Amino acid sequence: DAAYVDAAGTTWLADQDKDDDISWGAIGGDVVLREEIEIPGTQAPNVYLNERYDMAGYVFTLKPGKYTVRLHFAETYDGIADSGERIFDVSINKKVVLKDFDVFKEAGGANKPVIKEFKGIEVTEKLAIEFEAIEQNPEINGIEILAE
């Protein structure tokens, strides 16, 4: 909900909805902040306290080139208590990169960070990250895009 500098000195921008006047943002969904939760095992715990859920995706206007994309997840919703309760697919530029992704299962429980990294993502003008719900709504906590 606001810019944040983590323990490693990385600046994280606040989430925003995409519109024609800005170069990046989310397509749909809602945002929730869960300040009462503790996220162990990360230098950026505040990233995982903010969640966008039920979104179609994100769009980023970027310079042509190759990029590394890191997607950050943690299952912080108390309505998810076991694996199999939230499952979704994630695509980057129309290619499925996470199929039947279950944050709770991947992390080994609730409130634990999971980072999925994808290298060599070719961008000509825009980077599109899309989510498809299978069970419950998709969710994400943070996105990093690094030029290679």
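Please refer to the structure placed before this passage.
What you see is a predicted model, and the numbers here were worked out from it, not measured in a lab.

**Re the nonpolar core**
No. 1: Tyr58, Leu71, Phe73, Leu127, Ile129, Phe131 and Ile140 are the most contacted members of the largest nonpolar core, which has 25 residues in total.
No. 2: With residues near it in sequence (within four places) discarded, tyrosine 58 still touches Asp15, Gly25, Ala26, Arg52, Leu127, Ala128, Ile129, Phe131, Ile140 and Ile143.
No. 3: The next biggest cluster of nonpolar side chains, apart from the first, holds 9 residues, and it includes Trp12, Ile37, Ala44 and Ala74.

**Quick look at the pairing of strand β9 (residues 95-101)**
Along a regular strand, successive side chains alternate from one face of the sheet to the other.
No. 1: Here strand β8 (residues 87-92) pairs with β9 via 4 bridges, running antiparallel. Bridge pairing in β9 links serine 91 to valine 96.
No. 2: From the end of β8 to the start of β9, which pair antiparallel, there are 2 residues, and asparagine 93 there has a positive phi angle of about 50°.

**Comments concerning the sheet that holds strand β10 (residues 114-123)**
No. 1: Pairing is antiparallel in the open sheet, where 3 strands are placed in the order β10-β7-β13. Here the strands that pair on one side only, and so sit at the sheet edges, are β10 and β13 (142-147). Pairs of neighbouring strands in the sheet enclose a mean axial angle of 20°, with direction left out of account.
No. 2: Of the pairings in the sheet, the one linking strand β7 (residues 65-73) to β13 comprises 6 bridges and is antiparallel in character. Across the sheet, residue threonine 68 finds its bridge partner in β13, namely leucine 146.

**Quick look at the packing of aromatic side chains**
The geometry of an aromatic ring pair is captured by the separation of the ring centres together with the interplanar angle, meaning the angle of the planes.
No. 1: Counted under the stated rule, the structure contains 6 aromatic pairs.
No. 2: Relative to phenylalanine 101, the ring of phenylalanine 88 has its centre 5.6 Å away and its plane inclined at 85°; by these criteria the two rings are edge-to-face. Placement of phenylalanine 88 in strand β8 and of phenylalanine 101 in strand β9 is noted, with a sequence separation of 13 residues between them.
No. 3: Taking relative accessible area as the criterion, phenylalanine 88 reaches 0% and is therefore assigned buried.
No. 4: Through a chain of ring-to-ring contacts, three or more aromatic side chains come together here, namely Phe73, Phe88, Phe101 and Phe131.

What counts as what
The numbering scheme is per chain: residues are counted from 1 as the chain's sequence reads. Local features are withheld for residues below a pLDDT of 70 in this predicted model, meaning they are given only at 70 or higher, and side-chain atom pairs are given and counted only at 80 or more; totals for whole chains, interfaces and linings count all residues. With hydrogens and water excluded, all non-hydrogen atoms of the structure serve as input to the side-chain values. Each nonpolar core is a collection of buried residues, namely Ala, Val, Leu, Ile, Met, Phe, Trp, Tyr and Cys, held together in the definition by side-chain atoms within 4.5 Å. Burial status follows relative accessibility: with a 1.4 Å probe on protein chains alone, a residue under 20% of its type maximum counts as buried, one over 50% as exposed, and anything between as partly exposed. Throughout, a contact is declared for two residues whenever any of their heavy atoms are within 4.5 Å. By definition, two strands form a pair when at least two bridges between them are found by DSSP. For helices the rule is a DSSP run of H or I covering at least 4 residues; for strands it is a run of E covering at least 2, with both sets numbered from the N terminus onward. Lines fitted to C-alpha atoms define the axes, with helix axes restricted to the stretch in contact, and inter-axis angles between N-to-C directions lie between 0 and 180 degrees. Think of it this way: a Phe, Tyr or Trp ring, Trp meaning its six-membered ring, pairs with another when their centres are within 6.5 Å, and the plane angle makes it stacked under 30 degrees, edge-to-face over 60, tilted otherwise.

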